[in-house]
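Below, each chain spelled out in residue letters.
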Amino acid sequence: MKEIKIAVLSGDGIGPEIVAQAVKAVDAVAVKFGYQVTYTHALVGATAIDAVGDPYPEETHEVCMAADAVLFGAIGDPRFDNMPNAKVRPEQGLLAMRKKLGLYANLRPVNTFETLLHRSPLRYDLVEGADFLCVRELTGGLYFGRPQGRSEDGNTAYDTCVYTRTEIERICRLGFEYATKRRKKLTVVDKANVLATSRLWRETVQAMAPSYPDVEVEYMFVDNAAMKIIQQPRHFDVVVTENMFGDILTDEASVITGSLGLLPSASIGTGTSLFEPIHGSYPQAAGKNIANPIATILSAAMMFEYAFSDMEAGAAIRRAVDLSIAQNVVTEDIAPAGVTPRSTTEVGDFIAANI
Ligand code: IPM
Ligand code: MG
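The residue numbers shown here count from 1 along each chain, following its written sequence. In the order they appear in the text, chains get letters beginning with A and ligands get numbers beginning with 1. Given that this is a predicted model, residues contribute local features only at a pLDDT of at least 70 and side-chain atom pairs are listed and counted only at 80 or more, while totals for whole chains, interfaces and linings are drawn from all residues. Hydrogens and waters are ignored; side-chain quantities use all the structure's heavy atoms.

### With respect to the site of ligand 1
Right, so step 1: When at least one non-hydrogen atom of a residue lies within 4 Å of a molecule or strand, that residue is treated as near it. For ligand 1, the full set of nearby residues is Glu 91, Leu 94, Arg 98, Arg 108, Arg 136, Tyr 143 and Asp 247.
Right, so step 2: Within 3.5 Å is the distance limit for a polar contact, defined as a pair of N or O atoms, with the added protein rule that one can donate a hydrogen and the other accept it, and that residues adjacent in sequence qualify only through two side-chain atoms. Residue Arg 108 places a side-chain N or O atom 3.1 Å away from an oxygen atom belonging to ligand 1.
Right, so step 3: When ligand 1 is considered free in solution it has 320 Å² of accessible area, and contact with the protein chains removes 77% of it.
Right, so step 4: The way it works is that DSSP assigns letters per residue, a run of H or I at least four long becomes a helix, a run of E at least two long becomes a strand, and they are numbered from the N terminus. Broken down by element, the shell around ligand 1 gets its largest block of residues, three residues, from helix α5 (residues 90–100).
Right, so step 5: In terms of residue class, the shell around ligand 1 is built from two nonpolar, no polar and five charged. Exposure was quantified through the Shrake-Rupley algorithm and a 1.4 Å probe, taking into account, for residues, occlusion by the shown protein chains and nothing else. Polar here means any residue other than Ala, Val, Leu, Ile, Met, Phe, Trp, Tyr, Cys and Pro, which are nonpolar, and Asp, Glu, Lys and Arg, which are charged; Gly is therefore polar.

Pasting the structure below:
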């Protein structure tokens, strides 16, 4: 019996509903592969602001630190979106969590499901076979650079983009390592024609490249990358980029798969790793039992693969997900015309049962 401790941070909006389905999948894996799982639930996001006034309370941090992995839902609440002067925001909880857990790398695999290719707004022949990994830097850049704020008269605002060579090296090292394990091509996405930080990225990668002689390195400006991801997604193998560019490009890349509800992610770094869907809290759907749980369930698959090095457990989850898609046991966002969409819980039950 392998004992594992999982911190469960459901967060806001659809978070609790989708995470509950991932927990069912984990329970099914536990039975099949001999795990004894201890779950500890903790507050994060708007839910935590409401309860204790802090979007990432110290207690939650301690729960995460003590766990072997964190399963995360989503955060965000429209109540805060139009309050530019709110003192605390749910997103601050997410950023504080990433920083305090040292989660400097966000891995977002993008691949297609054969039976869903018709759902993509892109042409079948363009997206078919697309399979790449975005390695997004997660604890630097504009998200964390200081100073950030307003001038005294309130009429000027500023954010600062900061990267150190050390930060660039550690994220690009991961990029090189994943490229080595995959098709040996690394695309470094930047804006080196304008930004000083991007030029430091290039310089740093150029210095690292000779240590990875079998990896082909390519540099691409972010605007060009935004176009190429849509136009020629099969061009990419591993993409490494800074925080904000990675945020934008991965939402864009999700259209390749046909739904934002399908993309999982792993955030790894110096401490406990965290697994979360790339989509947000989808507040309009909260409590309606309609949200697609697949991205979160696939995040649980990544958890077994990355945090517990258990490829078989991950594969069992993936097979069950593939089956749900192949048999059209899916939520409304990906249900084909003429097929009755299933609820979040029905999809979760089906996948758990098939693990
Ligand atoms: C994501 C989200 C977050 C980000 C938001 C909610 C702060 O969009 O994880 O991609 O920008 O990193
Ligand atoms: Mg985002």
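### Focus on the packing of helix α11 (residues 294–306) against helix α12 (residues 311–326)
Right, so step 1: Note on geometry: axes are lines fitted to C-alpha atoms, helical ones only across the stretch in contact, with angles between N-to-C directions running from 0 to 180 degrees. At a closest axis distance of 7 Å, the pairing of α11 and α12 adopts a crossing angle of 160 degrees. If you check the angle between α11 and α12, you find them roughly antiparallel. In this structure, α11 crosses over α12, and the sense of that crossing is left-handed. The segment α11 lies against α12, with Ile 294, Ile 297, Leu 298, Ala 300, Ala 301, Met 302, Phe 304 and Glu 305 engaging Met 311, Ala 313, Gly 314, Ala 315, Ile 317, Arg 318, Val 321, Ser 324 and Ile 325.
Right, so step 2: Classifying every residue of the contact of α11 with α12 by side-chain character gives 13 nonpolar, two polar and two charged. Here the word oblique covers every angle except those under 35 degrees (roughly parallel), over 145 (roughly antiparallel) and from 65 to 115 (roughly perpendicular). The hand of a helix crossing depends on one turn: near helix anticlockwise from the far one by less than a right angle means left-handed, and clockwise means right-handed. Residues count as neighbours in contact if any of their non-hydrogen atoms are within 4.5 Å of one another.

### Re the side chain of Glu 218
Right, so step 1: Examined against the element boundaries, Glu 218 turns out to sit in strand β9 (residues 216–221).
Right, so step 2: A 1.4 Å probe rolled over the protein chains alone gives each residue an accessible area, and that area as a share of the maximum for its type sets the label: buried under 20%, exposed over 50%, partly exposed in between. All tallies of charge rest on Lys and Arg as positive and Asp and Glu as negative; His and the ends of each chain are not included. What makes a salt bridge here is a side-chain nitrogen of Lys or Arg within 4 Å of a carboxyl oxygen of Asp or Glu, nothing more. No salt bridge is formed by the buried Glu 218. Its closest oppositely charged neighbour is Lys 185, at 4.6 Å.
Right, so step 3: One polar contact links Glu 218 to Thr 187, side chain to side chain, over a distance of 2.7 Å.

### A closer look at the sheet that holds strand β11 (residues 264–268)
Right, so step 1: Whether two strands pair comes down to DSSP finding at least two bridges between them. Reading across the sheet, the ten strands line up as β2-β1-β3-β12-β11-β4-β5-β10-β8-β9 and stay open at both edges, with mixed pairing between neighbours. Both edges of this open sheet fall to β2 (35–41) and β9, since each of them pairs with a single strand only. Direction aside, neighbouring strands of the sheet carry axes that sit 25 degrees apart on average.
Right, so step 2: With five bridges connecting them, strand β1 (residues 2–11) and strand β3 (residues 69–74) associate as parallel partners. Directly across from Leu 9, in β3, lies its bridge partner Phe 72.
Right, so step 3: Contacting β1, β2, β3 and β12 (273–277), helix α1 (residues 15–33) crosses the sheet at an angle of about 160 degrees to β2.
Right, so step 4: Together, β1, β2, β3, β4 (105–111), β11 and β12 form the strand contacts of α11, whose direction differs from that of β12 by roughly 155 degrees.

### Considerations on α12
Right, so step 1: Taking 1.5 Å per residue as the helical rise, α12 with its 16 residues ought to reach 22 Å, and the 22 Å between its terminal C-alpha atoms agrees with that figure.
Right, so step 2: Residues Ala 313, Gly 314, Ala 316, Ile 317, Ala 320, Val 321, Ser 324 and Ile 325 constitute the buried set of α12.
Right, so step 3: Residues of α12 that are buried in the fold lie against α1, α11 and α13 (344–354).
Right, so step 4: Among the residues of α12, the N-terminal cap falls to Asp 310, whose side-chain oxygen and the backbone nitrogen of Glu 312 are separated by 3.3 Å. Each helix should span, by expectation, one fewer than its residue count multiplied by 1.5 Å.

### A short note on the layout of surface pockets
Right, so step 1: With a 1 Å grid spanning the protein atoms alone, the term cavity applies to any set of points in which a 1.4 Å probe fits but cannot get out, the term pocket to an open set with protein on both sides within 12 Å along at least five of seven lines, and the term lining residue to any residue with an atom within 4 Å of a point. Grid points are joined across faces, edges and corners, and a volume is the space filled by probe spheres set on the points. Approximately 1200 Å³ is the volume found for the largest pocket.
Right, so step 2: Together, 40 residues line the largest pocket, and Ile 75, Glu 91, Leu 94, Tyr 143 and Asp 247 are the ones closest to its centre.
Right, so step 3: Contributing elements (two or more residues each) for the lining of the largest pocket: β3, α5, α10 (243–257) and β12.
Right, so step 4: The dominant element in the lining of the largest pocket, judged by the number of residues it contributes, is α5, at six residues.
Right, so step 5: By volume, the second largest pocket amounts to about 420 Å³.
Right, so step 6: For the second largest pocket, the lining is made up of 22 residues, of which Pro 109, Asn 111, Glu 305, Tyr 306 and Arg 318 are closest to its centre.
Right, so step 7: Elements with a minimum of two residues in the lining of the second largest pocket: β4, β5 (131–137), α7 (165–181), α11 and α12.
Right, so step 8: Broken down by class, the residue content of the lining of the second largest pocket amounts to 13 nonpolar, three polar and six charged.

### Observations regarding empty space enclosed by the protein
Empty pockets left among the atoms are what a rolling probe the size of a water molecule brings to light.
Right, so step 1: As enumerated under the stated definition, the model contains one cavity of 30 Å³ or more in all.
Right, so step 2: In this model, the largest cavity occupies a volume close to 50 Å³.
Right, so step 3: Forming the boundary of the largest cavity are Cys 161, Tyr 163, Val 189, Asp 190, Leu 195, Thr 197, Ser 198, Trp 201, Glu 242 and Phe 245.
Right, so step 4: Counting only elements with at least two residues in the lining of the largest cavity, the list comes to β8 (185–190) and α8 (196–208).
Right, so step 5: Split into classes, the residues belonging to the lining of the largest cavity amount to six nonpolar, two polar and two charged.

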